[in-house]
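# Coordinates in review
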Amino acid sequence: MPLSKKEWLALEKKAFELRKLTIQTTVWAGSGHLGGGMSVLDLLTVLYHKYLNIKVDDPKWEDRDRFILSKGHAAIAYAPVLCDKGFNDVESLKTFNLSGSKMGMHLDSNKVIGVDASTGSLGHGASIAAGTALAARVLGKDYLTYIVTGDGELGEGSNWEGFMTINHYNLSNCIVFIDRNHCMIDGPTEEVMKLEPLADKMKAFGFNTICVDGNNIGELCEAIDAAIERSKEPCAPTCILMDTKKGAGVKTMEGDYLWHYGAIDDALFEKFNKELEEDYKARCARAEKEGK
Amino acid sequence: MAGGFVYNAVDQTSISTAEIYGKTLADIIINDPKVVAITPDLAKSTKLGDVLKVCPERVFNVGIAEQDMFGVGAGMARAGLIPFMSGFSAFTSMRACDQLHTDICYQNVNAKIIATHAGTSFGQAGSTHHAITDLAITRAMPNLTVIVPADGYETANAVKAAYNTEGPFYIRINRGFDRVLYSDTDYGFEVGKAVELHEGTDITVIACGSCAFQALQAANFLENADGLKVRVLNMHTIKPIDKEAIIKAVMDTRRIITVEDHSVIGGLGSAVAEVMAQAGKGCAFKMLGHQDKFAPIGLHEDIMSEVGIDTNGIVAAVREVMNMDFEEDDNWDDEF
């Protein structure tokens, strides 16, 4: 269903709250993969609050849509999303990364409710997603599988094995997102290991490739709607290539590869939240202007 | 519960071990709509022909991509299917090691791996296709059950046991034909329980896979030639290992030789040694297998001879260990 202005604004509010909770979780955890968590947070918000057909009170429901966070280090943002949604207690975020916690910096699907795949080692999600999507065909189910990889992560060749399988079996019921935040641990992707022309690569691998601003909820929803429409019949799968900013929402972090992983002191905490407020205002203004 | 396909002696000598896997899986797959087969361009090599005949729609070829096979299998298992994934053991253990670790074992999914061309059974292909480290790798993976069947009958039993048991399994079978060890499948196969192939009180030979038949041959020869009573254990399950049978062998015979078509580092011999060492019981001990060397190129039987894991090698090792000076008193306390 097309995104209404009202819904867009509601999603912006949720994304804002989740960003605040992610920053707070980083403080509780001592440190975290904040940059890559924030870049993918708009996607997590729209999936968990608009698209995913899931039941919080029945997390193993066999007809549920699946979501696979191939860039498992974004758990610093994913865990707040799952807790806020009600799968796990928000209080448990206070233990994130700490000894004895069920939540490490990469989430264990056998410990954290609502997680469909244990990820962390990069380059695994695409194949797992291919498996859950193929299983839907075998079992005659119409659930969808959503999977998001990082961009630096695409250096792992196994991603491309998974993409080949998703394409070969016409798994249009598997929607692939790439969080193109342009940064890796050691620097910008194009300096560390060239990815461009990435859209052409995905097209060459058989994907119906849609390029969007991944930090624009309106654009994201439009692309997801198109991908869902295609998913009804087996055909070439969709890749939504999301141009994003590392650390999106916090100006100090935005686009800075050094924020792959970091800690926040009291001064930064205050600064980040202030910048987040400003960003939220700008986002609301955009939704008001572009929303229908 | 599978059970329709019954093997006979003719099958054992006319169809290869992997073909028996294929026939067993065909029997399972037609009776359970949740079972699927996945292979990395090795449907022919891993003998999925019978499965393709009865249920082509549930056989998935992922191309030459073992990592993808395990990821796809893990995803399918997470969605409620039971995938049987067959590929060469060299690549299922090494090329896809991270996926085996994370997607299969860490997630503890109900997926079954049939690792073919085990040990040096694809001898002429050279070391790229020899799997002499896979037991060391798979044995260290939590949640994974590791089985090395000794012949086709045992392969059928292992595959059925894997199907009937929740959790990940790694079943390691040879390329081509195995020497026939059993007369049928009804010899009491149980995961984690060694099978005594030959009674003995002088020394115990613990073997797995193709070496089990060789050990039995050696025991029969030594009984006639040297009057030795050699206990032979077919340790088909490498993990969980049958500790009870090992400690009983230590207590009863105080001499143990392990034999495997695998490196002596990390495989059956290491598993047996760990049990003995932790039991605190002394024992004369020798490990036969690949001695931290890549194997030569050749026919499987020639490599086994060269490495000393065939009948002659085992006979020589038994004679050597029988001549070792080893304390034979009944007081174990002074050996802690």
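My aim in this report is to walk through the structure given alongside it, one point at a time. Owing to the predicted nature of the structure, the values given are computational and were not obtained by experimental measurement. Residue positions are counted from 1 within each chain, in the order its sequence is given. Numbering of ligands from 1 and lettering of chains from A proceed in the order in which they are written. In keeping with the predicted nature of the model, local features appear solely for residues at pLDDT of at least 70, side-chain atom pairs appear and are counted solely at 80 or more, and the whole-chain, interface and lining totals rest on all residues. By convention in this description, side-chain values take in all heavy atoms of the structure and omit both hydrogens and water.

### Some thoughts on the overall build of chain A
Definition in use: Numbering goes from the N terminus for both helices and strands, where a helix is a DSSP run of H or I of at least four residues and a strand is a run of E of at least two. In this setup the radius of gyration rests on C-alpha atoms only. A globule is expected at 2.2 Å times the number of residues raised to 0.38. Throughout this description, buried means an accessible area under 20% of the type-specific maximum (1.4 Å probe, protein chains only), exposed means over 50%, and partly exposed covers the range between. Residue contacts are defined here by distance: any two heavy atoms, one from each residue, within 4.5 Å place the two residues in contact. In this charge count, Lys and Arg are treated as positive and Asp and Glu as negative; neither His nor the chain ends contribute. Charge positions are represented by NZ for Lys, CZ for Arg, CG for Asp and CD for Glu.
Scanning chain A for helices and strands turns up 10 helices and 7 strands. In terms of overall dimensions, chain A is globule-like: its C-alpha atoms have a radius of gyration of 18 Å, near the 19 Å expected for 292 residues. Oriented by its inertia axes, the alpha-carbon framework of chain A measures out at about 50 × 40 × 40 Å. Looking at the 292 residues of chain A, the share that counts as buried comes to 57%. Of the contacts made within chain A by residues no fewer than 6 positions apart, 75% connect residues no fewer than 24 positions apart. Averaging the positions of the 34 positive and the 43 negative side-chain charges in chain A gives two centres separated by 3 Å.

### Section: the overall build of chain B
Of the regular secondary structure elements, chain B holds 13 helices and 12 strands. Computed over its C-alpha atoms, the radius of gyration of chain B comes to 20 Å, within 12% of the 20 Å expected for a compact globule of 336 residues. Sorting the 336 residues of chain B into buried and exposed places 62% on the buried side. At a minimum sequence separation of 6, the contacts of chain B that also span at least 24 residues come to 78%.

### Points about empty space enclosed by the protein
All names here are of chain A. What counts is decided by this rule: Both cavities and pockets are sets of points on a 1 Å grid over the protein atoms alone; in a cavity a 1.4 Å probe fits but cannot get out, in a pocket the set is open with protein on both sides within 12 Å along at least five of seven lines, and lining residues sit with an atom within 4 Å of a point. Grid points are joined across faces, edges and corners, and a volume is the space filled by probe spheres set on the points. Gly counts as polar in this scheme, as do all residues outside two lists: the nonpolar Ala, Val, Leu, Ile, Met, Phe, Trp, Tyr, Cys and Pro, and the charged Asp, Glu, Lys and Arg.
Following the criterion strictly, the structure yields 6 cavities of 30 Å³ or more and no others. Of the volumes computed, that of the largest cavity is approximately 80 Å³. Along its surface, the largest cavity is lined by 13 residues, and Ile-54, Arg-64, Phe-87, Gly-114 and Asp-116 are the ones closest to its centre. Considered class by class, the residues forming the lining of the largest cavity number 6 nonpolar, 1 polar and 6 charged.

### Considerations on the packing of aromatic side chains
Residues and elements named next belong to chain A. Quick note on the threshold: Between 30 and 60 degrees the pair is tilted, below 30 it is stacked and above 60 it is edge-to-face, where a pair is any two Phe, Tyr or Trp rings, Trp via its six-membered ring, whose centres lie within 6.5 Å.
Inspection of the entire model under this criterion finds 13 aromatic pairs over all chains. Seen from their ring centres, Trp-259 and Phe-272 are 5.4 Å apart, and the 70 degrees between their planes marks the pair as edge-to-face. Of the two residues, Trp-259 sits in the loop between strand 7 (238–243) and helix 10 (266–290) while Phe-272 sits in helix 10, which places them 13 residues apart along the sequence. Taking relative accessible area as the criterion, Trp-259 reaches 12% and is therefore assigned buried.

### Things to note about the side chain of Asn-173 of chain A
When you line up the elements, Asn-173 of chain A lands in the loop between helix 6 (158–168) and strand 3 (174–180). Ignoring any residue separated from it by four or fewer positions in sequence, one finds Asn-173 of chain A in contact with Ala-133, Ala-136, Arg-137, Tyr-143, Leu-144, Thr-145 and Ser-231 of chain A.

### Topic: the interface of chain A and chain B
Where interface size is given, it is often the accessible area lost as the parts come together that is meant. Filter applied, for reference: A simple way to read buried area is as the amount of 1.4 Å-probe accessible surface that goes missing from two parts once joined, with both sides added. The term salt bridge refers to a side-chain nitrogen of Lys or Arg lying within 4 Å of a carboxyl oxygen of Asp or Glu. Polar contacts here mean pairs of N or O atoms no more than 3.5 Å apart (in protein, one a potential hydrogen donor and the other a potential acceptor; neighbouring residues in sequence count only if both atoms are side-chain atoms).
Counting residues at the interface gives 26 residues for chain A and 25 residues for chain B. Counting the surface lost from both chain A and chain B, the interface buries some 2000 Å², and carbon and sulfur atoms represent 54% of this. On the chain A side of the interface with chain B, the three residues burying the most area are His-124, Val-138 and Glu-161 of chain A, jointly 25% of the side's total. Counting across the chain A and chain B interface gives 0 salt bridges. Taken together, the connections running from chain A to chain B amount to 17 residue pairs in polar contact (both at pLDDT 80 or more). Elements with a minimum of two residues in the side of chain A that touches chain B: helix 5 (125–139) and helix 6 of chain A. Here the element with the most residues in the side of chain A that touches chain B is helix 5 of chain A; it accounts for 9 residues. Looking at the side of chain A that touches chain B, its residues break down into 10 nonpolar, 12 polar and 4 charged.

### Considerations on the environment of Ile-178 of chain A
Within the fold, Ile-178 of chain A resides in strand 3. Residue contacts for Ile-178 of chain A: discarding those within four places in its chain leaves Thr-149, Gly-150, Asp-151, Leu-154, Leu-198, Met-202, Cys-239, Ile-240, Leu-241 and Met-242 of chain A.

### Quick word on unusual backbone geometry
Excluding glycine, residues mostly carry a negative phi; peptide bonds, for their part, are mostly trans. A cis amide bond links Glu-196 of chain A to the next residue, Pro-197 of chain A, at an omega of 5 degrees. By secondary structure assignment, the location of Pro-197 of chain A is in the loop between helix 7 (189–192) and helix 8 (198–204). In the segment running from Lys-239 of chain B into Pro-240 of chain B, the intervening peptide bond is cis, with an omega of 0 degrees. Within the element layout of this structure, Pro-240 of chain B appears in the loop between strand 10 (237–239) and helix 10 (243–253). A positive phi angle is found at His-182 of chain A, which is not glycine, with a value near 70 degrees. Within the secondary structure layout, His-182 of chain A lies in the loop between strand 3 and strand 4 (183–184). Residue class for His-182 of chain A comes out partly exposed when judged on its relative accessible area of 32%. Phi angles above zero are rare outside glycine, and Asp-292 of chain B is one such case at about 55 degrees.

### Section: helix 1 (residues 5–29) of chain A
For clarity, the threshold we go by: Each helix should span, by expectation, one fewer than its residue count multiplied by 1.5 Å.
With 25 residues, helix 1 of chain A should reach 36 Å at 1.5 Å per residue; the first-to-last C-alpha distance of 35 Å fits that figure. At the C-terminal side of helix 1 of chain A, Gly-30 of chain A shows a positive phi close to 95 degrees.

### Observations concerning helix 11 (residues 268–279) of chain B
All names here are of chain B. Counted at 1.5 Å a residue, the expected span for helix 11 with its 12 residues is 16 Å, and the 17 Å between its end C-alpha atoms agrees. For helix 11, the complete set of buried residues consists of Leu-268, Gly-269, Ser-270, Ala-271, Val-272, Val-275 and Met-276. Buried residues belonging to helix 11 abut helix 7 (134–139), strand 8 (203–207), strand 10, helix 10, strand 11 (255–263) and strand 12 (284–290). Of the residues trailing helix 11, Gly-280 is marked for its positive phi of about 75 degrees.

### Quick notes on the sheet that holds strand 2 (residues 145–150) of chain A
Residues and elements named next belong to chain A. Our working rule: The pairing criterion for strands is at least two bridges between them, as found by DSSP. To get an axis, a line is fitted to the C-alpha atoms, and for a helix only the part in contact is used. The angle between two axes follows their N-to-C directions and goes from 0 to 180 degrees.
In spatial order, the strands read 1-2-3-7-6; together these 5 strands make up an open sheet with parallel pairing. Either end of the sheet is taken by a strand with one partner, and the two such strands are strand 1 (66–69) and strand 6 (208–213). Direction aside, neighbouring strands of the sheet carry axes that sit 20 degrees apart on average. Pairing of strand 6 with strand 7 involves 6 bridges; the strand directions are parallel. When the sheet's bridge partners are listed, Cys-211 is paired in strand 7 with Leu-241.

### Concerning the environment of Asn-323 of chain B
All names here are of chain B. Its place among the elements puts Asn-323 in the segment after helix 13 (311–322). Classification of Asn-323 as exposed rests on a relative accessible area of 66%. Through-space distance from the C-alpha of Asn-323 to that of Ile-203 is 11 Å; in sequence the pair is 120 residues apart. Here Arg-319 takes part through its backbone oxygen, which lies 3.1 Å from a polar atom of the side chain of Asn-323.

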